[in-house]
Amino acid sequence: MVSVPQLNEKDRADLLEAHPGWSLARDGQAITRSFQFADFSEAWGFMSRVALIADRHDHHPEWSNVYAKVEITLTTHDANGLSIRDAKLARAIDKIV
Ligand code: H2B
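Everything in this summary refers to the structure shown in the same document.

About the cut-offs
Residues numbered from 1 in each chain as written. Predicted model: local features only at pLDDT ≥ 70, side-chain atom pairs only at ≥ 80, totals over all residues. Heavy atoms only, no water. Helix = DSSP H or I, 4+ residues; strand = E, 2+ residues; numbered from the N terminus. Expected span 1.5 Å × (residues − 1). Buried < 20%, exposed > 50% of the residue type's maximum accessible area, 1.4 Å probe, protein only. Contact = heavy atoms within 4.5 Å. Phe/Tyr/Trp six-rings, centres within 6.5 Å; stacked < 30°, edge-to-face > 60°. Near = heavy atom within 4 Å. Polar contact = N/O pair within 3.5 Å; in protein donor to acceptor, adjacent residues only side chain to side chain. Areas by Shrake-Rupley, 256 points an atom, 1.4 Å probe, with all protein chains shown as cover. Nonpolar A, V, L, I, M, F, W, Y, C, P; charged D, E, K, R; others polar. Patch = residues over 30% accessible without salt bridge, like charges linked within 9 Å, V, L, I, M, F, W, Y side chains within 5 Å. Salt bridge = Lys/Arg side-chain N within 4 Å of Asp/Glu carboxyl O. Core = buried A, V, L, I, M, F, W, Y, C linked by side-chain atoms within 4.5 Å.

Taking 1.5 Å of rise per residue, 13 residues should cover 18 Å, and helix 3 (residues 84–96) covers 19 Å from first to last C-alpha, within 8% of that figure. Here helix 3 has its buried residues at D86, A87, L89, A90, A92, I93 and I96. Considering only its buried residues, helix 3 is in contact with helix 1 (9–18), strand 2 (30–36), helix 2 (40–57) and strand 4 (69–74).

Set out below in structure tokens:
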């Protein structure tokens, strides 16, 4: 497994500033954001788009869906914490909504 560098404190602060919808989770090892849609169809459409982007990036979200709500947590397993991959995926997800 390739080891990926973790974001330092400044990178993490920059990430949160650039993506105000996201907040730190798991003692700073992950970021999380909740998305509310009008109904299940919209939520699923969003998830489909995120899934395609995530697979293209080879970087996959941890997420859950309950009807119109989608909760996403981003962390890099290969880094045991946050990495540039999470910042890039958060940016791509924010572009969708
Ligand atoms: N997704 C996430 N969130 N973290 C990873 O470290 C990761 C991944 N690694 N998707 C990728 C797949 C790796 O397992 C494959 C082999 O490239």
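What follows concerns the packing of aromatic side chains. Remark: the centre distance and the inter-plane angle together describe each pair of aromatic rings, the angle taken between the planes. Considering all chains together, one arrives at four aromatic pairs under this definition. Taken together, a centroid distance of 6.1 Å and an interplanar angle of 75° make the contact between W22 and F35 edge-to-face. With W22 in the loop between helix 1 and strand 1 (23–25) and F35 in strand 2, this pair connects stretches of sequence that are 13 residues apart. Taking the relative accessible area as the measure of exposure, F35 reaches 3% and is therefore buried. With a centroid separation of 4.8 Å and an interplanar angle of 40°, the aromatic rings of F35 and F46 are classed as tilted. Of this pair, F35 sits in strand 2 while F46 sits in helix 2; the two residues are 11 residues apart in sequence, bridging distant segments of the chain. Classification of F46 by relative accessible area gives buried; the value is 3%.

Bringing the site of the ligand into the picture now. Around the ligand sit D58, H59, H60, T75, T76, H77 and D78, and that is every residue in its neighbourhood. Between the ligand and T75 there is a distance of 2.9 Å, counted from a nitrogen atom to a backbone nitrogen or oxygen. H77 has a polar backbone atom sitting 3.1 Å from an oxygen atom of the ligand. When the free accessible area of the ligand is taken as 390 Å², the share hidden by the protein chains comes to 67%. A class-by-class count of the residues in the shell around the ligand yields no nonpolar, five polar and two charged.

This brings us to a nonpolar patch on the surface. A cluster of nonpolar residues, F40, W44, V66 and Y67, forms a patch on the protein surface that exposes about 480 Å² of accessible area. Position of W44 relative to the elements: it lies in helix 2. Here W44 falls in the partly exposed class, since its relative accessible area comes to 48%.

So, about the nonpolar core. A general feature of soluble globular proteins is that nonpolar side chains tend to end up buried together. Ranked by internal contacts, the top residues of the largest apolar core, which has 22 residues, are W22, F35, F46, V70, I72, L74 and I93. Those elements giving two or more residues to this core turn out to be strand 2, helix 2, strand 4 and helix 3.

Counting through the fold element by element, D94 comes out in helix 3. For the pair formed by D94 and F37, sequence separation is 57 residues and the distance between their alpha carbons is 14 Å. The residues contacting D94, other than those within four sequence positions of it, are H19, W22 and R33.

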